[in-house]
Amino acid sequence: EFSGLARKLGTDGVDLGQGFPNFDPPDFVVQALRDELEGQSGGGPRIRHQYTRTAGHVPLVEIIAERYSEHLARTIDPMREVAVTVGATGGLFLALQAALAQAERNHASGASAGSREIVVLEPFFELYRSQAQGLGAKLRTVPLQFDQEHRSFQLDVEALREALGPQTAALIVNTPH
């Protein structure tokens, strides 16, 4: 419903409900997929119908860990610190679940006041609200200010500062805005 309305509004509307790429995948990606589907191993067809490791295909998580180890200037353990999810929805749910669980552990050990609150910059993808509710967390929003002249959103740093505190288990920053 909202996607159709945004299309009708053209450049005056912004669809924040769902991502629609406005470009095709790069040719090298399409070719790599073709090569994989047409390839054979040891003279016979490859087995393409097996589940991979739940947290991600080992060669993939190893490459990701190598890349982020360089980027973060510390060693990332691919089997313990990298998880590949089916999509952003599942990945975000798992990340929020982990953040809330850590907040609970901190509370139980007396390290913080503890609460189940997720702070999100607004406007936001409506999925965040339902995920917070599903996890038994309170969603607290911090409205971004729209700059009409530059047609962009600006962060009210003071409003964000007021929203964050010991009750905060996670902050969701969704870009671009």
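For the structure, see preceding data.
Residues numbered from 1 in each chain as written. Predicted model: local features only at pLDDT ≥ 70, side-chain atom pairs only at ≥ 80, totals over all residues. Heavy atoms only, no water.

### With respect to the overall build of the protein chain
Rules: Only runs of H or I of at least four residues qualify as helices and only runs of E of at least two qualify as strands under DSSP, and these elements are numbered from the N terminus. Throughout, exposure labels follow a simple rule: accessible area from a 1.4 Å probe, protein chains only, divided by the maximum for the residue type, with under 20% read as buried, over 50% as exposed, and the rest as partly exposed. Note on areas: Shrake-Rupley with a 1.4 Å probe; residue coverage comes only from the protein chains shown.
If you tally the helices and strands in the protein chain, you get seven helices and seven strands. In the protein chain, the succession of helices and strands from N to C terminus is α-α-β-β-α-α-α-β-α-β-β-β-α-β. Relative to its 177 residues, the protein chain shows a buried fraction of 21%. In the form shown here, the protein chain has an accessible surface area of approximately 13100 Å², with 55% of it arising from carbon and sulfur atoms.

### Here we look at the environment of Q167
To be explicit about the condition: N or O atoms within 3.5 Å of each other form a polar contact, as long as, within protein, one can give a hydrogen and the other can take it, and as long as residues adjacent in sequence are counted only when both atoms are side-chain atoms.
Positionally, Q167 belongs in the loop between α7 (157-163) and β7 (168-172). On a C-alpha basis, the gap between Q167 and S115 in space is 4.5 Å, while along the polypeptide they are 52 residues apart. One polar contact links Q167 to E117, side chain to side chain, over a distance of 3.3 Å.

### Quick notes on the packing of aromatic side chains
We count it as follows: Paired rings are identified among Phe, Tyr and Trp, the last through its six-membered ring, by centres lying within 6.5 Å, and are further divided according to the angle between planes into stacked (under 30 degrees), edge-to-face (over 60) and tilted (the rest). A ring is considered to have a charge above it if a Lys NZ or an Arg CZ atom is located within 6 Å of its centre and within 35 degrees of its normal.
Per the counting criterion, the structure on display carries three aromatic pairs. Both rings, one in F125 and one in Y128, keep their centres 6.0 Å apart while their planes meet at 85°; by these two values the pair is edge-to-face. Residues F146 and F153 carry aromatic rings whose centres are separated by 5.1 Å and whose planes lie at 65° to one another, so their mutual orientation is edge-to-face. The class for F146 is partly exposed, based on a relative accessible area of 39%. Here F153 falls in the partly exposed class, since its relative accessible area comes to 28%. Pairwise contacts between aromatic rings join F124, F125 and Y128 into one cluster. Lying over the aromatic face of Y68, R67 brings its terminal NZ or CZ to 5.6 Å of the ring centre.

### Quick notes on the pattern of salt bridges
Test applied: Any Lys or Arg side-chain nitrogen found within 4 Å of a carboxyl oxygen on Asp or Glu counts as a salt bridge.
This model, assessed by the stated rule, comprises seven salt bridges. The partner of R74 in a salt bridge is E81, with the nearest N and O atoms 3.2 Å apart. A residue is classified by how much of its surface remains accessible, and R74, at 43% relative accessible area, is partly exposed. Overall, E81 belongs to the partly exposed group, its relative accessible area being 42%.

### Examining the sheet that holds β7
The criterion, for reference: At least two bridges found by DSSP between two strands are what make those strands a pair. As a rule, the C-alpha atoms of each element are fitted with a line to give its axis, helices using only the stretch in contact, and angles between N-to-C directions run from 0 to 180 degrees. Residue contacts follow a heavy-atom distance rule, with two residues in contact if any of their heavy atoms lie within 4.5 Å.
Read across the open sheet, the three strands follow the order β4-β3-β7; overall the sheet is parallel. Each having just a single partner strand, β4 (138-143) and β7 make up the two edges of the open sheet. Taken pair by pair, the neighbouring strands of this sheet meet at an average axis angle of 25°, ignoring direction. The sheet contact formed by strand β3 (residues 117-122) and β4 spans six bridges and is parallel. Residue pairing in the sheet places V119 in a bridge with R140 of β4. Across the sheet, helix α5 (residues 88-108) lies against β3 and β7, angled at about 155° from β7, the strand it touches most.

### Quick look at the nonpolar core
Using the following cut-off: Nonpolar core, defined: a set of buried Ala, Val, Leu, Ile, Met, Phe, Trp, Tyr and Cys residues in which side-chain atoms within 4.5 Å join the residues together.
Among the nonpolar cores identified, the biggest contains 14 residues, and L96, L100, I118, V120, L139 and I172 are the most heavily contacted of them. In this structure I172 touches L92, L96, I118, V119, V120, L121 and Y128, once residues within four positions along its chain are discounted. In terms of nonpolar packing, the next biggest core, distinct from the first, is built from six residues, V119, L121, L160 and A163 among them.

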